[in-house]
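Commentary on secondary and tertiary structure
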Amino acid sequence: MKLILKIWRQENATAKGSMHTYSLDNVSPDMSFLEMMDVLNEQLMEQGIDPVAFDHDCREGICGSCSMFINGEAHGPDRLITTCQLHMRKFKDGDTIHIEPFRAKPFPVIKDLVVDRTAFDRIQHAGGFVSVNTSGNTQDANAIPIEKADADKAFDAAICIGCGACVATCKNASAMLFVSAKVSQYALLPQGQVEATDRVLNMVKQMDDEGFGNCTNTGACEVECPKGISLENIARMNREYLSANVKG
Amino acid sequence: MGVTLSSTILRKVAMALSGIFLMVFLLQHFVINITSVFSAAIFNQFSHFMGTNPIVQFLLQPILIFGVIFHFVMGFVLDIQNKRARGTRYAIYKGSANSSWVSRNMLTSGATVLAFLALHFYDFWVPEMNYKYVEVLPEDPTRYYEELVHKFEDVTRVVLYVISFFFLALHLTHGFSSSFQSMGFNNKYTPAVKSFGKLYAIGIPFGFAFIAIFHFLNH
């Protein structure tokens, strides 16, 4: 396949970026999107051009590192996948592909397609954990009976990889799907009840302090999420938050 | 709790609550108006009650006006905040791939309804306030039907109203179910709420449009 790639290039966090156009030949439909980017970078280096910086790590849809906004969609035109799981067979010979970084004020561009997503880390630090006594008397988690339906929902929330596609795709750059998944995974389990009030209040406060937008329930985040995190989690977080406010 | 509406969730809940309040008002408004199609006497009776009852006039009416202003102002404020949260805009953004047009354009449909409200206030509310509180004319319990019918003799007004009701339907299509989601209601009953919401979102504006067209054609 021959492709025209229009890619956001930005020297560093303070530089002004712009879209650059590159032509790439001999792209195999069996390549992953990131392999295609590797081939492009080899070509650029041969031409003495700075390669395109992009995030990647596991390349199997687990780590949540890859973060491209491809042809107007987070992680590209496929569903329930990350960019590393996207294959070139989703495109046609002669296609023009627009590749941009995930855009949100709290996700500033570091270089090219690499964005700083440490805002998510700070939200996690604010309450996305359970405090466990590790003195040797820790109760075996399996000894606590949990209803299957709750365990399943908690697991469904816990599979969020924190890639930021929800923020990138939301027209308001809202982080509510991510935060709600992190709140829900504990809210549904007995282990999470002790810190439930502080957790939701602190995590939502941190989310707001980071400058993410307001959720308007378009549902785009749920559709673009590579792990299929449900909007049900946002409703649960809202309930938890309102209840925590009443409890103080 | 949240009197400053400082958090995104509280703002969202406030929008939902004001929206639900306005939807309840809309239903009540429709029930009274549809009587004008069947009986001038019943419509006059209802209108006279609403127009002269002190609780309606001096308690519910100010609450309603506050609700309307709050909902619109908050909508614009949230939109500004949301645009700020994006920062640099995407060169290509394919919203249609993952969300409905109505859900992404609540501000457009809402602003159209706001423009309609200005016209609607000019048509009915301003003359009513003038009649009762400026000129202080003697109350005539039979005047309401004639006033309504007179307004819909003008085809331009009828067309503007029908267009506005179309945008109202779009706004409600997303707004109804969205308000429940914002309040934290998302469970096995959600599909039923969404279905009822669609029925309400299409039924009420269609009913209002029918009333306007009915009076235009019959007089």
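Points about the domain arrangement of chain A
Residue and element names in this part refer to chain A. For chain A, the domain assignment lists domain 1 (3–42 + 51–111) and domain 2 (117–131 + 145–247). The gap between the C-alpha centroids of domain 1 and domain 2 is 27 Å. On the side of domain 2, 21 residues touch domain 1, which itself brings 22 residues to the contact. Carbon and sulfur atoms supply 60% of the area that domain 1 and domain 2 bury against each other, a total of about 1,500 Å² over both sides. Counting across the interface, domain 1 meets domain 2 through 2 salt bridges. Its salt-bridge partner being R117, residue D55 comes within 3.1 Å of it at the nearest N-O pair. Linking domain 1 with domain 2 are 5 residue pairs in polar contact (both at pLDDT 80 or more), by the criterion used here. Its residues assigned to classes, the side of domain 1 that touches domain 2 shows 11 nonpolar, 7 polar and 4 charged.

Here we look at the interface of chain A and chain B
Opposite the 48 residues of chain A that make contact, chain B presents 37 residues. If you sort the residues of chain A by the area they bury against chain B, A:K171, A:N214 and A:N217 come out on top, with a joint share of 19%. When residues of the side of chain A that touches chain B are traced back to their parent elements, those giving at least two are β5 (96–101), α4 (165–169), α6 (196–210), α7 (220–224) and α8 (232–247) of chain A. The biggest single contributor to the side of chain A that touches chain B is α8(A), with 10 residues. Tallied by class, residues from the side of chain A that touches chain B come to 24 nonpolar, 14 polar and 10 charged.

Digging into the side chain of B:D79
As for its position among the elements, B:D79 is in helix α3 (residues 54–86). Overall, the relative accessible area of 15% leaves B:D79 in the buried class. Dropping the residues within four chain positions of it, B:D79 is found in contact with A:K171 and B:L107.

What counts, and where the lines are drawn
Residues numbered from 1 in each chain as written. Chains lettered and ligands numbered in written order. Predicted model: local features only at pLDDT ≥ 70, side-chain atom pairs only at ≥ 80, totals over all residues. Heavy atoms only, no water. Domains from an automatic or database assignment. Contact = heavy atoms within 4.5 Å. Buried area = accessible area lost by both parts, 1.4 Å probe. Salt bridge = Lys/Arg side-chain N within 4 Å of Asp/Glu carboxyl O. Polar contact = N/O pair within 3.5 Å; in protein donor to acceptor, adjacent residues only side chain to side chain. Nonpolar A, V, L, I, M, F, W, Y, C, P; charged D, E, K, R; others polar. Helix = DSSP H or I, 4+ residues; strand = E, 2+ residues; numbered from the N terminus. Buried < 20%, exposed > 50% of the residue type's maximum accessible area, 1.4 Å probe, protein only.

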